[in-house]
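Residue-level structural notes
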Amino acid sequence: MKAVQIDRITPAEEIRLTEVPVPQAKPGWVLVKVMGFGLNHSEQILRMSEINAPYIKKPVIPGIECAGVVEDPSDSGLRKGQKVISLMGGMGRSFDGSYAEYALLPKSHVFPVETEMSWAELAAVPETYFTAWGSLFECLELKAEDTLLVRGATCALGYAAVQIAKALGCRVIATTHRESKFGLLKDADEAVLDTGNIAEVLKTKGITKALELVGPKTVKDTMLGMQKGGIVCNTGILGNVYVLNGFDPIKDIPNGVYLTGFFSNYPTAETMKQIMDFLNEHHLSPCRGAEYRLEEIRQALMDMDGHKVNGKIVIKTE
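Values in this document were obtained by computation on a predicted structure and should not be read as measured data.

A word on unusual backbone geometry
Note that the residue after Lys-58, namely Pro-59, is joined by a cis bond; omega there is -10 degrees. Here Pro-59 shows up in the loop between helix H1 (41-48) and strand E4 (65-72). A positive phi angle, close to 50 degrees, is found at Ser-74, a residue other than glycine. The exposure class of Ser-74 is partly exposed, given its relative accessible area of 32%. Backbone geometry at His-307 places phi at a positive 55 degrees, although glycine is not the residue there.

Structure follows, in structure tokens:
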């Protein structure tokens with residue numbers, strides 16, 4: 001089968017498809033014929049630094065999510081030919097991931113789906129919508145009456161969060177650090193230019209819930225802009241600052257404001273069904289920025305790394 005394998009720091013320009021054996025099914029694992037997959041920032045981190053970590057299987061096929069059909073169900077209880085999605089659980093790090101025509105995946109992380117979506121649409125769902133859903137509902141307890149801030153909204157996760165929140169009935173404030181991208185936030189109720197210090201502006205918006213996608217670089221500022229009783233969920237690290245050095249919870253978290261975070265490594269069949277049901281019920285088409293064929297994955301990764309695509313990049317294997 002065709003696949004991408006890496007064993008060292010690998011810029012997008014050096015990505016090549018190679019031929020590797022199709023993996024053999026085994027107990028506890030499901031062989032999936034990959035029909036499509038999304039590209040993610042975490043895979044860029046893998047290629048450009050994390051690949052050197054001792055816990056990474058090498059060589060490894062990257063890719064933390066996919067959509068496809070069951071090729072060999074083994075002992076999973078799934079049916080050959082059944083539509084499935086899969087994500088996380090060590091995919092593309094502890095074991096080979098989705099940058100391939102077939103993937104051998106743990107049955108605990110393979111979820112059946114019923115949908116009329118195209119493969120490109122379905123491939124945009126797993127990681128992005130699971131992360132948005134978990135952040136909004138598990139962490140922020142989002143309700144229709146909330147005013148939601150999505151800070152760093154011009155990314156795949158941001159678009160998905162805005163889409164879900166608007167379908168729920170929320171008022172949505174979205175930020176971007178480039179005024180030229182305001183047009184990409186047309187689904188939000190209001191777009192705000194993010195200069196890095198916008199707490200005073202946010203205070204005038206009545207924000208009750210905030211999805212922080214820029215990360216530690218701006219999370220203190222976001223907390224300062226919240227209404228009392230508001231919740232901030234730090235999910236993203238778009239600001240390329242990964243930790244809060246010198247963080248003082250007593251002084252840095254305003255009285256009556258709550259800070260949480262979402263880690264997307266633990267999807268469940270129940271949650272994935274809720275997401276698919278919501279998308280189907282509201283007739284939502286998953287947000288996509290661009291689609292490429294597997295043979296074009298080098299260019300797709302170059303475009304992702306070069307920030308040339310606004311939104312989720314999807315790779316189709318057929």
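Next, the rest of the story.
Things to note about the pattern of salt bridges
Inspection of the entire model under this criterion finds 21 salt bridges. Between Lys-312 and Glu-65 there is a salt bridge, with its nearest N and O atoms 2.6 Å apart. Linking Lys-312 in the loop between helix H9 (297-305) and strand E15 (313-316) with Glu-65 in strand E4, this pair joins segments that are 247 residues apart in sequence. By the burial criterion, Lys-312 is buried, and Glu-65 matches it. Across the pair Lys-316 and Glu-291 runs a salt bridge, and its minimum N-O distance is 3.1 Å. In this pair, Lys-316 is assigned in strand E15 and Glu-291 in strand E14 (residues 290-293), connecting sequence segments 25 residues apart.

Here we look at the layout of surface pockets
Here the second largest pocket is characterised by a volume of approximately 210 Å³. The wall of the second largest pocket is formed by 15 residues, among which Tyr-159, Leu-184, Lys-186, Asp-187 and Cys-287 lie closest to the centre. Of the residues in the lining of the second largest pocket, the class split is six nonpolar, five polar and four charged.

Here's the deal with the sheet that holds strand E8 (residues 147-151)
Here six strands make up an open sheet; going across it, the order is E10-E9-E8-E11-E12-E13 and the pairing parallel. Bordering the open sheet on either side are strand E10 (190-193) and strand E13 (258-261), each of which pairs with just one other strand. Within the sheet, the average angular offset between the axes of one strand and its neighbour, ignoring direction, is 20 degrees. On the sheet, helix H3 (residues 126-139) packs against E8, strand E11 (209-212), strand E12 (231-234) and E13 and is oriented at approximately 150 degrees with respect to E12.

Parameters at a glance
Residues numbered from 1 in each chain as written. Predicted model: local features only at pLDDT ≥ 70, side-chain atom pairs only at ≥ 80, totals over all residues. Heavy atoms only, no water. Helix = DSSP H or I, 4+ residues; strand = E, 2+ residues; numbered from the N terminus. Buried < 20%, exposed > 50% of the residue type's maximum accessible area, 1.4 Å probe, protein only. Salt bridge = Lys/Arg side-chain N within 4 Å of Asp/Glu carboxyl O. 1 Å grid on protein atoms, 1.4 Å probe; cavity = no way out; pocket = protein on both sides within 12 Å on 5 of 7 lines; lining within 4 Å. Points joined across faces, edges and corners; volume = space filled by probe spheres on them. Nonpolar A, V, L, I, M, F, W, Y, C, P; charged D, E, K, R; others polar. Pairing = 2+ DSSP bridges. Axes fitted to C-alpha atoms, helices over the stretch in contact; angles between N-to-C directions. Contact = heavy atoms within 4.5 Å.

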